[in-house]
Amino acid sequence: MINTKDPKVEFAINAVRQAACLAADIQGEMVSEALTKDDRSPVTVADFAAQAVVGYLLEESFPGVLLVGEEAAAVLRAPAEKDTLNKITGFLNRVIPGVTPEMVCDFIDRGVDEPGENYWTLDPIDGTKGFLRGAQYACALAYVEQGVVQLGVLGCPNISANLQEDIGGNGSLAVARRGQGSWISTLRGEEKNNQFSPLVVSARTEPAEARLMRSFESGHTNTSQIDAFQGALGGQADPVRMDSQVKYALLASGEGEIYLRLLSPNKMDYREKIWDQAAGSIVVEEAGGIATDLDGKPLDFSQGRTLKNNRGICATNGFLHDAAITALQNINA
């Protein structure tokens, strides 16, 4: 069982819970069918609000400890963004009574640190398009020591603790600690008080039966190479389409076998951001799976804000990892 009394675990669970629940409120109140395609204001408000919550709580629990976040408050300090900042401040007052716009910016900027030997990394809203569709997204927080993720928490407001889509429901919270397994609980409601169930990856060993975790948006992956990869495996199983690091939670629970982040032909030098992979990767690993890059190399979180030494992502249930890496080599991914 995971030690929820560990100060780092306790902080991470509390921080993600509060940030993800606030994000869910913002999604529920700001995202509607009337939202125009180019209006990103709801996710902008949620991104900054969630990072401010985590920044505030981190300073309360571990003053001065490094936080590497996706956002910075410089844009919000401009006069043209006053209305946006006021909206964020209004939502933050639900969590931090009496907070001012200047304080909000300061809390957000707790996340502008560069990675050191030990640091936290945060993606406040992973899955922008899912959030704007009123669908899946995650709040992802991880703790890294010496380039290795030691703790990860995923707050998933729109998927239940039994990994079924439940828009506007109680949501789920997945947490993993190195050497203590991967666990899941309810994000909201009575079950939230440390009642965690173990996550265990699928036991499938036949490559042809592998279910691929694919992005909901086709523009988020190299579709032709994904198809070629599945052909190399000999697989015909229907893919599981899902936004964000929620895919990692599904993989960890046995709802799929393989998750890939391939390189776009137009961006072969692209490297993943650390906050996009840190929390999810340990959730899969501690559930019995494996997360590497496309060459089978371990993910190295010691190289700054990106996985500079790694090409893409290949995460599996473990049993199919060698077959996945071989298939990737065969299609020259």
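Up top you'll find the structure we're talking about.
Summarised in this report is the structure supplied together with it. Note on numbering: residues in each chain are counted from 1, in written sequence order. For a predicted model such as this one, the threshold for reporting local features is a pLDDT of at least 70, and the threshold for listing and counting side-chain atom pairs is 80 or more; totals across whole chains, interfaces and linings nevertheless cover every residue. Just so you know, side-chain values use all the structure's heavy atoms and leave hydrogens and water out.

**Quick word on the pairing of strand 6 (residues 181-186)**
Buried residues are those whose accessible area, probed at 1.4 Å on protein chains only, stays under 20% of the maximum for their type, while exposed residues exceed 50% and partly exposed ones sit between those limits. The numbering of helices and of strands both runs from the N terminus, where a helix is a DSSP run of H or I of at least 4 residues and a strand a run of E of at least 2. With 6 of 6 residues buried, strand 6 is to be regarded as a mostly interior element. The side-chain alternation of strand 6 yields two buried faces, one formed by G181, W183 and S185 and the other by S182, I184 and T186. Pairs of strands are assigned from DSSP output, requiring at least two bridges between the strands. Linkage of strand 5 (residues 172-177) to strand 6, two consecutive antiparallel strands, is achieved through a turn of 3 residues, within which G179 is found at a positive phi near 85°. Alignment of strand 6 against strand 7 (residues 197-198), held across 2 bridges, turns out to be antiparallel.

**Description of the pattern of salt bridges**
Any carboxyl oxygen of Asp or Glu within 4 Å of a side-chain nitrogen of Lys or Arg constitutes a salt bridge here. Enumeration over the complete set of coordinates arrives at 16 salt bridges. For D25, the salt bridge goes to R188, with nearest N and O atoms at 3.2 Å. With D25 in helix 1 (residues 7-30) and R188 in the loop between strand 6 and strand 7, this residue pair connects regions lying 163 residues apart in the sequence. For E102, the salt bridge is made with R77, and the minimal N-O distance between the two is 2.8 Å. In this pair, E102 is assigned in helix 4 (residues 101-108) and R77 in the loop between strand 1 (67-69) and helix 3 (82-92), connecting sequence segments 25 residues apart. Owing to a relative accessible area of 37%, R77 belongs among the partly exposed residues under this scheme. If you follow the salt bridges from partner to partner, you end up with R77, E102, D106 and D109 in one network.

**A look at the environment of A203**
With respect to the secondary-structure elements, A203 resides in the loop between strand 7 and strand 8 (212-214). On the basis of relative accessible area, A203 is assigned to the exposed category, the value being 60%. For the pair A203 and F319, spaced 116 residues apart in sequence, the C-alpha separation works out to 7.1 Å.

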